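Chain and residue survey
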Amino acid sequence: MEEYTREPCPWRIVDDCGGAFTMGLIGGGVFQSIKGFRNAPSGINRRLIGSLTAIKQRSPIIAGNFAVWGGMFSTIDCALIHVRKKEDPWNSIISGAATGGILAARNGLPAMAGSAFIGGVLLALIEGVGILFTRLSAEQFQPQLPPLEDPSQLGQNQPPPGYQYQ
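Residues numbered from 1 in each chain as written. Predicted model: local features only at pLDDT ≥ 70, side-chain atom pairs only at ≥ 80, totals over all residues. Heavy atoms only, no water.

**Overview of the pattern of salt bridges**
Operational definition: What makes a salt bridge here is a side-chain nitrogen of Lys or Arg within 4 Å of a carboxyl oxygen of Asp or Glu, nothing more.
Overall, the coordinates contain three salt bridges when judged by the stated rule. Connected through shared salt-bridge partners, R12, D77 and E87 make up one network.

Written out as structure tokens, the structure is:
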């Protein structure tokens, strides 16, 4: 099984920014196509044209917003890795909170605090689920003792210490 490794820090920012842009473009395209279709005048041709118009107008904006978020998150994450000299889930949680706060700075201090809290909680949930899945999947890769025959058939009265029959 191949293990996914991330790019080193300067290139990680570009990689995450591009990935976030692509995700925003695809997700925004799907969302805007539905929204444009529903808000267009009746008639299938008008609805399809409304859908395409909405995609062309709004999807690049949504993708750009996602790219800004992804780039800022990765930049803060790389800065924390450099300052703290370790790469752990706390870097992502702090990066999510800082990114949420910075991007809401124009709306005032209460909005910054709320966005920072939401960003930190969301990243904590994401990191927690990742840790949970890692621990659950690690159990299937633990080494197993080979099955032994029943010792009573071999003329022995007791199994080796710590052995459990399968």
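**Section: the layout of surface pockets**
One way to see where empty space is left: roll a probe the size of a water molecule over the atoms. Stated formally: Every definition here rests on a 1 Å grid over the protein atoms only: cavities are sets of points where a 1.4 Å probe fits but cannot get out, pockets are open sets enclosed by protein on both sides within 12 Å along at least five of seven lines, and lining residues have some atom within 4 Å of a point. Grid points are joined across faces, edges and corners, and a volume is the space filled by probe spheres set on the points. Helix and strand labels come from DSSP, where a helix needs a run of H or I of at least four residues and a strand needs a run of E of at least two; each type is numbered from the N terminus. These domain boundaries are the output of an automatic or database domain assignment.
Size it by volume and the largest pocket reaches roughly 340 Å³. What lines the largest pocket is a set of 16 residues, among which R6, D88, P89, S92 and E127 lie closest to the centre. Counting residues per element, the ones that place at least two in the lining of the largest pocket are α2 (44–84), α3 (89–103) and α4 (109–138). Among the elements that line the lining of the largest pocket, the one with the most residues is α4, at six residues. Structurally, the lining of the largest pocket is a two-domain feature, drawing no fewer than three residues from each of domain 1 (7–85) and domain 2 (88–126).

**Here's the deal with the state of the cysteines**
To keep things clear, this is the line we draw: Put simply, a disulfide is two cysteine sulfurs that come within 2.5 Å. Only protein chains enter the area calculation, which uses a 1.4 Å probe; residues under 20% of their type maximum are buried, those over 50% are exposed, and those in between are partly exposed.
In this structure the tally under the stated criterion is one disulfide. The side chain of C9 participates in a disulfide bridge whose partner is C78; the two sulfur atoms lie 2.3 Å from each other. Here C9 and C78 share a disulfide; its torsion about the S-S bond, -105°, makes the bridge left-handed. Note that C9 is positioned in helix α1 (residues 9–39) and C78 in helix α2, a separation of 69 residues in sequence. Given the relative accessible area of 21%, C9 is considered partly exposed.

**Points about the packing of aromatic side chains**
Threshold: We call Phe, Tyr and Trp rings a pair once their centres come within 6.5 Å, taking the six-membered ring for Trp, and we label the pair stacked below 30 degrees between planes, edge-to-face above 60, and tilted otherwise. Consider the ring centre and the ring normal. A charge sits over the ring if Lys NZ or Arg CZ is within 6 Å of that centre and within 35 degrees of that normal.
Within the structure shown, the criterion is met by one aromatic pair. Considering the side-chain rings of W69 and F73, the 5.2 Å spacing of their centres and the 10° angle between planes classify their relative orientation as stacked. Here the residue W69 and the residue F73 both occupy positions in helix α2, the gap between them amounting to four residues, near one helical turn. On the basis of relative accessible area, W69 is assigned to the partly exposed category, the value being 34%. A cation over a ring is seen here: R47 above F37, with NZ or CZ 5.6 Å from the ring centre.

**Some details on α2**
Convention followed: Expected span, for any helix, means 1.5 Å times one less than how many residues it has. Two axes are fitted around each residue, one to the seven residues ending there and one to the seven starting there, and the angle between them is reported as the bend at that residue.
With 41 residues, α2 ought to run about 60 Å at 1.5 Å a step, and its terminal C-alpha atoms sit 57 Å apart, in line with that. Maximum bend of α2: about 35°, positioned at R58, with proline P60 one to four residues after it. Positive backbone phi, at 60°, marks K85, one or two positions downstream of α2.

**With respect to the packing of α1 against α2**
Helices that pack against each other are described as a pair by the angle of their axes relative to one another and the distance between those axes. Keep this limit in mind: Axis lines are fitted to C-alpha atoms, over the contacting stretch for helices. Their N-to-C directions set the angle, which ranges from 0 to 180 degrees. Roughly parallel means an angle under 35 degrees; roughly antiparallel means over 145; roughly perpendicular covers 65 to 115; every other angle is labelled oblique. When the near helix sits turned anticlockwise from the far one by under a right angle, the crossing is termed left-handed; a clockwise turn instead gives a right-handed crossing. Each residue gets one label: Ala, Val, Leu, Ile, Met, Phe, Trp, Tyr, Cys and Pro are nonpolar, Asp, Glu, Lys and Arg are charged, and the others, such as Gly, are polar.
Running from N to C, α1 and α2 point in directions that differ by 155°, and their axes come no closer than 5 Å. Taken together, the axes of α1 and α2 are roughly antiparallel relative to one another. The handedness of the crossing between α1 and α2 is right-handed. Taken together, the residues of the contact of α1 with α2 sort by class into 19 nonpolar, 14 polar and six charged.

**Examining the side chain of D77**
Worth spelling out the cut-off: The contact criterion used throughout is that any non-hydrogen atoms of two residues lie within 4.5 Å.
With respect to the secondary-structure elements, D77 resides in helix α2. Assessed through its relative accessible area of 3%, D77 is described here as buried. Beyond its immediate sequence surroundings of up to four residues, D77 is in contact with R6, R12, N91, S92 and S95.

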